[in-house]
Amino acid sequence: MQLKDMGLTFEDIKAYTEKYMIETYERFPFLAERAKDMYIYDQDRNAYLDFYGGIAVNSAGNCNEKVVQTAVQQMQEVMHVFNYPYSIPQAVLAKLICETTGMDKIYYQSSGTEANEAMIKLARKYGTDNYGPNKYHIITAKSSFHGRTYASMTATGQPDSAIHKGFLPLVPGFTYAEFNNVDSFAEQVTEDTIAIMLEPIQGEGGVRVATDAFLKGIAKLCHDKGLLLLIDEIQTGWYRTGYPMAYMHYGIKPDVVSMAKTLGGGLPLGAIIATSEVAKAFTPGSHGSTYSGNPVVCAAGYAELNELIDRKLGAHAAETGAYFMDKLRELPHVKEVRGRGYLIGVELDIPKAVEVKRKAIERKLLTTAIGANIIRMVPPLIASRTDCDKACAILKESIEAL
Ligand SMILES: Cc1ncc(COP(=O)(O)O)c(C=O)c1O
């Protein structure tokens, strides 16, 4: 939809939004009328350099041509049929994902939080099928983020935040341990514990990377105690950190992995992948969803992943992300730069991340802020060194303009 075709102005859209929509986000002060590769264009055709990628979604670039063409073609063939007939997009994407990750089985969902719901349900079903009805306790990390539906929200280890506030009682059976502290997790294991659930890099929690000793230690703890290891790769997955999945940096093998964001190439697609042993717990009738594995989103996901693989964007993100992080460390007021590949957090020594974000938007660079101190960047993986240089220059100006 375009303003001129609709006979509307930006002011009309703002007014409709304010009057009719429940708003839970601070909007950027412009309208996204077009998007292509590294840029988003506003109502006046101003180009904004996109270093948030729809929050780690548009990895092969905004409106990637192959993704768009594949989705449009699929839309003209079969748009939605539900899961009774076999489906080409579902099957070819399942094969690609399982072969790339070395996992056995996939279950499709429509978002990250739904993928985590499925992961939690699968772990509980496996626990109760194999060990009895009390085997449902799951340990997650403090400052984690796993989504906004009830089980995912409960798994999110931020009990004092707006994410939980006002929504009690939460789902029983979750406790929170210290991230990057194996002992803290070990202390919470009881005879009712079935799983440990973790992000390899806490994205929303401030871009905190799991140490090698921590994830390896957790994998060993799970092995020794017979627990399932559930890894949330919703933000970190699909080459954002270099490898297909971020857990692969650690040489560990999870039992279940959740994914979304990049997976759909801009359309709402989530999934879990699991070992065949654990996957057996989902039997006919035990889980389902009308849109699960919708042909259009699976076709888009197939095109997106092939783009990332064919263009070797994982290696590119690892290499260019490291270059970018080094440059960011030279900026004023930067206390620490954390992350891997193109999942980057810049911690400032002043509580002005939101102001820096706003000043960067004025200069046509898009980023996000986490809390008071952290600027987060999760650009499309196609971002070049030139794009990174430009983003750095704008951030420098934005910090200096405070
Ligand atoms: C690690 C992680 N898990 C889960 C989610 C929830 O995904 P969605 O917003 O698609 O429900 C997010 C979203 O930011 C995430 O970063």
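Quick note: structure is the one above.
Quick notes on the rules
- Residue positions are counted from 1 within each chain, in the order its sequence is given.
- It should be noted that, the model being predicted, local features are given only for residues of pLDDT at least 70 and side-chain atom pairs only at 80 or more, the latter also being counted only at that level, while totals for whole chains, interfaces and linings use all residues.
- Note on conventions: DSSP H or I runs of at least 4 residues are helices, E runs of at least 2 residues are strands, and numbering of each starts at the N terminus.
- This radius of gyration counts C-alpha atoms alone. The globule rule is 2.2 Å times how many residues there are, raised to the power 0.38.
- The burial label depends on the number of other C-beta atoms within 10 Å of a residue's C-beta. Counts of 20 or more mean buried, 12 or fewer mean exposed, and intermediate counts mean partly exposed, with C-beta atoms placed from the backbone.
- A pair of residues counts as a contact when their C-beta atoms, built from backbone coordinates, are within 7 Å of each other.
- We treat two strands as partners when DSSP finds at least two bridges between them.
- Seen with the strands pointing away from the viewer, any crossover whose path from the first strand over the helix to the second strand runs clockwise is right-handed.

### Observations regarding the overall build of the protein
Okay, so step 1: Within the protein one finds 14 helices and 17 strands.
Okay, so step 2: Taken against the 2.2 N^0.38 rule, which gives 21 Å for 402 residues, the C-alpha radius of gyration of the protein at 21 Å falls within 12% of a compact globule.
Okay, so step 3: For the C-alpha atoms alone, the extent of the protein along its principal axes is close to 60 × 55 × 45 Å.
Okay, so step 4: When the 402 residues of the protein are sorted by exposure, 48% land in the buried category.
Okay, so step 5: Across the protein, contacts joining residues at least 24 apart in sequence account for 71% of those joining residues at least 6 apart.

### As for the environment of Thr-154
Okay, so step 1: Following the sequence through the fold, Thr-154 ends up in helix H7 (residues 150-155).
Okay, so step 2: Given 25 C-beta atoms within 10 Å, Thr-154 falls into the buried group.
Okay, so step 3: Along the sequence, Thr-154 and Gly-173 sit 19 residues apart, while their C-alpha atoms lie 9.1 Å from each other.
Okay, so step 4: Among residues more than four places away in sequence, those in contact with Thr-154 are Leu-170, Val-171 and Phe-174.

### Considering the pairing of strand E6 (residues 174-177)
Okay, so step 1: In the sheet, strand E5 (residues 137-141) pairs with E6 via four bridges, with the strands oriented parallel. Paired with Ile-139 across the two strands is Thr-175, which belongs to E6.
Okay, so step 2: Between E5 and its parallel partner E6, the chain crosses via H7, and the hand of that crossover is right-handed.

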